[in-house]
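Geometric and topological summary
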Amino acid sequence: GAVVSQHPSRVICKSGTSVKIECRSLDFQATTMFWYRQFPKQSLMLMATSNEGSKATYEQGVEKDKFLINHASLTLSTLTVTSAHPEDSSFYICSARHSYEQYFGPGTRLTVT
Amino acid sequence: DAKTTQPPSMDCAEGRAANLPCNHSTISGNEYVYWYRQIHSQGPQYIIHGLKNNETNEMASLIITEDRKSSTLILPHATLRDTAVYYCIVRVDYNNNDMRFGAGTRLTVKP
């Protein structure tokens, strides 16, 4: 089946620094990937849609200059949280579209201290 | 996309069938019903989807009412490992439509 990986699985960074999260489709090519954020005890909230070779589309209320998304190849999308603050601490999940299905990565737990 | 309504939580005894309801009264004719689940601190896992016919796979069965305004996900023999949050999502099944999650149902399978 289609597998999506994320790296790292957990990251702790200091306030003011930037952190990059990778999302890879391991056995298929994905022209479209999605990034979600999930706070404790809440549902997944779509942050942005990442299209290979073009600019990402951000959901209302998501700062595109803070959450930089790059989809440089058909198997890799990256999310960079710039100038991270403690309120950015969350569970970040990516998904990749394959045929008509979406496959989700295992998530990345970001803690900003 | 149409919205869905699910009970916030349910309990089920281990070995019994778990029946998770979902209301989607404003579903459009070209929208599919998808079910995902999320075990704690993991990414969502696809379970099953359907348009109007009932569907079954190795994980679960999906029963969709004739008017398509509601559906039920059935886990025939729930195990402790089925404890998770279950999300019912309706979406149009083409192009690059994203998957938008509601609050889901927290299913707890008890020994």
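Quick summary incoming for the structure in this document. As the structure is a prediction and not an experimental result, all values here were calculated from the model.

Observations regarding the nonpolar core
Of all hydrophobic cores here, the largest spans 24 residues; its most connected members are Trp 35, Phe 67, Leu 79, Tyr 92 and Leu 110 of chain A. Counting residues per element, the ones that place at least two in this core are β2 (10-13), β3 (19-25), β4 (32-38), β5 (45-51), β7 (67-73), β8 (76-81), β9 (90-98) and β11 (108-112) of chain A. Ala 18, Val 33, Trp 35 and Leu 62 of chain B belong to the second-largest nonpolar core, a separate cluster that totals 21 residues.

Some thoughts on the state of the cysteines
As enumerated under the stated definition, the model contains 2 disulfides over all chains in all. Each sulfur in the disulfide pair Cys 23 of chain A and Cys 94 of chain A lies 1.9 Å from the other. Its torsion about the S-S bond being 80°, the disulfide of Cys 23 of chain A and Cys 94 of chain A is classed as right-handed. With Cys 23 of chain A in strand β3 and Cys 94 of chain A in strand β9, this pair connects stretches of sequence that are 71 residues apart. Taking relative accessible area as the criterion, Cys 23 of chain A reaches 0% and is therefore assigned buried. Since its relative accessible area comes to 0%, Cys 94 of chain A is described here as buried. The side chain of Cys 22 of chain B participates in a disulfide bridge whose partner is Cys 88 of chain B; the two sulfur atoms lie 2.1 Å from each other. Between Cys 22 of chain B and Cys 88 of chain B, the S-S dihedral sits near -80°, and the bridge is therefore left-handed.

Describing the interface of chain B and chain A
With 22 residues of chain B at the contact, the number on the chain A side is 20 residues. Approximately 1,600 Å² of surface area, both sides summed, lies buried where chain B meets chain A, with 45% of it carried by carbon and sulfur atoms. At the boundary of chain B and chain A, one finds 1 salt bridge. For the salt bridge of Arg 100 of chain B with Glu 59 of chain A, the shortest nitrogen-to-oxygen distance reads 3.0 Å.

Reading guide: rules and limits
What you see as residue numbers is a count from 1 along each chain, following the sequence as written. Here every chain gets a letter starting at A, and every ligand a number starting at 1, in the order they are written. In keeping with the predicted nature of the model, local features appear solely for residues at pLDDT of at least 70, side-chain atom pairs appear and are counted solely at 80 or more, and the whole-chain, interface and lining totals rest on all residues. The side-chain numbers reported here are obtained from all heavy atoms of the structure, hydrogens and water having been left aside. By convention a nonpolar core is built from buried Ala, Val, Leu, Ile, Met, Phe, Trp, Tyr and Cys residues, the set being connected through side-chain atoms within 4.5 Å. To sort residues, take the accessible area from a 1.4 Å probe on protein chains only and compare it with the maximum for the residue type: under 20% means buried, over 50% means exposed, and anything in between is partly exposed. Counting from the N terminus, the helices are the DSSP runs of H or I reaching at least four residues and the strands are the DSSP runs of E reaching at least two. When the sulfur atoms of two cysteines come within 2.5 Å, that pair is taken as a disulfide. Here, two residues are considered to be in contact whenever any of their heavy atoms come within 4.5 Å of each other. Buried area is a sum: the accessible area each of two parts loses on coming together, probed at 1.4 Å, counted once for each and added. Salt bridge criterion: a side-chain nitrogen from Lys or Arg within 4 Å of a carboxyl oxygen from Asp or Glu.

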